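Okay, here's what each chain looks like letter by letter:
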Amino acid sequence: MAGKDDVEAKPPCHPRACAIQDCLTKNNYNEAKCQEVVKALYTCCESFYERYGDSASSPSCPKPSLLRLKMKQFNDGK
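These figures come from a predicted structure and were not determined experimentally.

Colleague: How should I be thinking about the side chain of Arg16 in this particular structure?
Modeller: In this fold, Arg16 is placed in helix H1 (residues 14–26). Relative accessible area serves as the criterion here: at 11%, Arg16 is assigned to the buried category. Side chain to side chain, Arg16 and Asp6 meet in a polar contact 2.8 Å long. A polar side-chain atom of Arg16 sits 3.0 Å from the main-chain carbonyl oxygen of Ala40.

See the structure below:
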């Protein structure tokens, strides 16, 4: 798994988005088996927005409001 520098990737967090696609391909698109890589992308995106603000954008990250909802769902054990 890539490190914190993924926030600085071009585009930001792109390596983590690619990791999701790789995971899904390896697991016959069984999303349940890829939750850790999905959470890693969301964590990267959270760091991206903390660093650059909610007005920043990356094609690899959901909008800040959706990201906050998804992180809450992960943290609540969904």
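Colleague: Where do I start with the packing of H1 against helix H2 (residues 35–52) in this structure?
Modeller: When two helices pack together, you describe them by how their axes are tilted relative to each other and by the distance separating the axes. Interhelical geometry of H1 versus H2 gives an angle of 170° and a closest axis separation of 9 Å. By the angle class used here, H1 and H2 are roughly antiparallel. When H1 is examined against H2, the residues Arg16, Ala17, Ala19, Ile20 and Cys23 are found in contact with a partner set consisting of Val37, Val38, Ala40, Leu41 and Cys44.

Colleague: Quick question: what am I supposed to make of the environment of Asp54 here?
Modeller: With respect to the helices and strands, the residue Asp54 is situated in the loop between H2 and helix H3 (64–75). Given the relative accessible area of 45%, Asp54 is considered partly exposed. C-alpha separation for the pair Asp54 and Asp5, spaced 49 residues apart in sequence, amounts to 19 Å. Setting aside its immediate chain neighbours within four residues, Asp54 contacts Tyr49, Pro64 and Arg68. Side-chain polar atoms of Asp54 contact the side chain of Arg68, separated by 3.2 Å.

Cut-offs applied
- Residues numbered from 1 in each chain as written.
- Predicted model: local features only at pLDDT ≥ 70, side-chain atom pairs only at ≥ 80, totals over all residues.
- Heavy atoms only, no water.
- Helix = DSSP H or I, 4+ residues; strand = E, 2+ residues; numbered from the N terminus.
- Buried < 20%, exposed > 50% of the residue type's maximum accessible area, 1.4 Å probe, protein only.
- Polar contact = N/O pair within 3.5 Å; in protein donor to acceptor, adjacent residues only side chain to side chain.
- Axes fitted to C-alpha atoms, helices over the stretch in contact; angles between N-to-C directions.
- Parallel < 35°, antiparallel > 145°, perpendicular 65-115°, else oblique.
- Contact = heavy atoms within 4.5 Å.

Bear in mind that shape data such as this cannot, by itself, settle questions of function.
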